[in-house]
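Understanding the architecture of this molecule
Single-letter residue listing:
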Amino acid sequence: MAHGKQERWSKLVDAKLRQTLVTRDRTIFNNRYEGNPRAGKVKIPVRDTEVAVKAYNKSTGVDLSEGSTTYIDLDIDQDEAVNELIDGYDAAAVPDNLIADRLDSAGYSLALSMDQKSIRLLEQTEGVQVAASKTAATESTAYKEVLKAKTYLSRAGVPESGRWLLASPEFLEVLMLDDRFVKQGDLSQQLVASGAVGKVAGFPVYECCNTMVDDAELVASKKTTTEFICGHPNWCHRVMEWQEPVDIVSLKGSGKFIGASAVQGRKVYGLLISKPKTVYVKRTETAVSGG
């Protein structure tokens, strides 16, 4: 019975997590892997080329070709937990509405932390393509900047189907002023369900409030922010699992808490960009005056 509750509660937190994440699985990141994340490492498949097409000879057939799918290690090195006190209730007596509220909050908090780390990976992985222009986009230039990203990804061999664009609120504000921006009301139900707020130049657009790079992490004399990021889930990997499923745990015997319990759970996950050149980042840089 206890195990069933843990499984059910963990699924509820996962549902909230999936709904809240901007960097959703199977949209921004893929979650394909082999192995057990709880072991600390999994294998992820990476394929750089498509199946070769050859001329067929009726007498001799056709030579076999070998697929180019390889497997690389992904370390499950992110370890996060929720451990929130519920005062005044023993574990067996916590009201259902209070449990639901705490589970909802746990899913939201985990999603926020996971989004922040996922965005930082996309922004800062060595080898990602950074746009040459460091000037903030305007109503007249925003669409042109997206077209530059489109051209780059096409030349880099990134499939058009499945591409995405994560936009900062400031960049989205000027982009939406362009008549070529397709608003949410005109999107397919599939894109709306994935969280897209619009579409432009073939990119589904997702608003992301975490697209920012601290200036100290790049150039100390400049303030650097990220306007948008483009990529494809084929080369953006994220694998997650519950190391310890969510449970309402009694704190009786702790020596400190009386008549109290806690919502506890521990999530582990790993992040990787397997081919950095398939990610395109548009940044702005402004000089920081000395103090």
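Residues numbered from 1 in each chain as written. Predicted model: local features only at pLDDT ≥ 70, side-chain atom pairs only at ≥ 80, totals over all residues. Heavy atoms only, no water.

Looking at the sheet that holds strand 5 (residues 164-167)
With respect to topology, seven strands assemble into an open sheet ordered 4-12-9-5-8-7-6, the strand pairing being mixed. Of all the strands in the sheet, just strand 4 (129-130) and strand 6 (182-183) have a single pairing partner and so form its edges. In this sheet, strand 12 (residues 280-287) lies alongside strand 9 (residues 222-231) in antiparallel orientation, the contact comprising eight bridges. Bridge assignment links Ile229 to a residue of strand 12, and that residue is Val281. With respect to the sheet, helix 3 (residues 142-155) is in contact with strand 4, strand 5, strand 7 (198-200), strand 8 (203-207), strand 9 and strand 12, its orientation differing from that of strand 9 by roughly 60°. (Pairing = 2+ DSSP bridges. Helix = DSSP H or I, 4+ residues; strand = E, 2+ residues; numbered from the N terminus. Contact = heavy atoms within 4.5 Å. Axes fitted to C-alpha atoms, helices over the stretch in contact; angles between N-to-C directions.)

Some words on the nonpolar core
Formed by 37 residues in total, the largest nonpolar core has its most connected members in Leu122, Trp164, Leu166, Ile229 and Val279. For this core, the secondary structure elements donating two or more residues are helix 1 (2-20), strand 3 (78-87), helix 2 (96-124), strand 5, strand 10 (236-250) and strand 11 (260-273). Considering every element that reaches this core, the biggest residue donor is helix 2, with eight residues. Among all residues touching Ile229, those that are not within four sequence positions of it are Ile119, Leu122, Glu123, Trp164, Leu165, Leu166, Thr211, Val279, Tyr280 and Val281. Of all hydrophobic cores here, the second largest spans 25 residues; its members include Val46, Val158, Leu175 and Phe181. (Core = buried A, V, L, I, M, F, W, Y, C linked by side-chain atoms within 4.5 Å. Buried < 20%, exposed > 50% of the residue type's maximum accessible area, 1.4 Å probe, protein only.)

Considering the sheet that holds strand 10
Strand order in this open sheet of three strands is 3-11-10, and the pairing throughout is antiparallel. Where the open sheet ends on each side, the last strands, each with one partner, are strand 3 and strand 10. The average angle at which neighbouring strand axes cross in this sheet is 15°, direction not considered. For strand 3 and strand 11, the ladder comprises ten bridges, and the chain directions are antiparallel. Bridge assignment links Val82 to a residue of strand 11, and that residue is Gly265. Its contacts with the sheet place helix 2 against strand 3, strand 10 and strand 11, and it is angled at close to 25° to strand 11.

Let's talk about the pattern of salt bridges
In total, this model carries 15 salt bridges according to the counting rule given. Close ionic contact of Lys16 with Asp104 constitutes a salt bridge, the shortest N to O distance being 3.4 Å. Here the residue Lys16 occupies a position in helix 1, and Asp104 occupies one in helix 2, the gap between them amounting to 88 residues. With a relative accessible area of 24%, Lys16 lands in the partly exposed category. Residue Asp104 is classed as partly exposed on the basis of its relative accessible area of 39%. Linking Arg238 and Asp25 is a salt bridge whose minimum nitrogen-to-oxygen distance equals 3.2 Å. Taken together, the residues Arg238 in strand 10 and Asp25 in the loop between helix 1 and strand 1 (41-46) connect sequence positions 213 residues apart. (Salt bridge = Lys/Arg side-chain N within 4 Å of Asp/Glu carboxyl O.)

Quick word on the layout of surface pockets
Over the atoms, a rolling probe the size of a water molecule traces out where space has been left empty. A volume near 300 Å³ is recorded for the largest pocket. Mapped by element, the contributors of at least two residues to the lining of the largest pocket are helix 1, helix 2 and strand 8. If you tally residues by element for the lining of the largest pocket, the top one is helix 2, at three residues. The residue makeup of the lining of the largest pocket, split by class, is eight nonpolar, five polar and three charged. (1 Å grid on protein atoms, 1.4 Å probe; cavity = no way out; pocket = protein on both sides within 12 Å on 5 of 7 lines; lining within 4 Å. Points joined across faces, edges and corners; volume = space filled by probe spheres on them. Nonpolar A, V, L, I, M, F, W, Y, C, P; charged D, E, K, R; others polar.)

Observations concerning the pairing of strand 1
The alternating pattern of strand 1 places Val42, Ile44 and Val46 on a buried face, while none of Lys41, Lys43 and Pro45, on the opposite face, is buried. Bridging between strand 1 and strand 2 (residues 70-75) involves six bridges; their strand directions are antiparallel. Directly across from Val46, in strand 2, lies its bridge partner Thr70.

Quick word on the packing of aromatic side chains
Applying the stated rule across the entire model yields three aromatic pairs. Pairing Phe228 with Tyr280 gives two aromatic rings, centres 6.2 Å apart and planes at 20°, and the pair type is stacked. Note that Phe228 is positioned in strand 9 and Tyr280 in strand 12, a separation of 52 residues in sequence. Across the pair, Tyr280 and Phe228 agree in class, each one buried. Site record: aromatic cluster; members linked through ring pairs are Tyr152, Phe171, Phe228 and Tyr280. (Phe/Tyr/Trp six-rings, centres within 6.5 Å; stacked < 30°, edge-to-face > 60°.)

As for the side chain of Asp178
For Asp178, the location among the structural elements is in the loop between helix 4 (169-175) and strand 6. A polar contact of 2.8 Å, which involves the side chain of Asp178, links it to the backbone nitrogen of Arg180. (Polar contact = N/O pair within 3.5 Å; in protein donor to acceptor, adjacent residues only side chain to side chain.)

These figures come from the coordinates and say nothing about function on their own.
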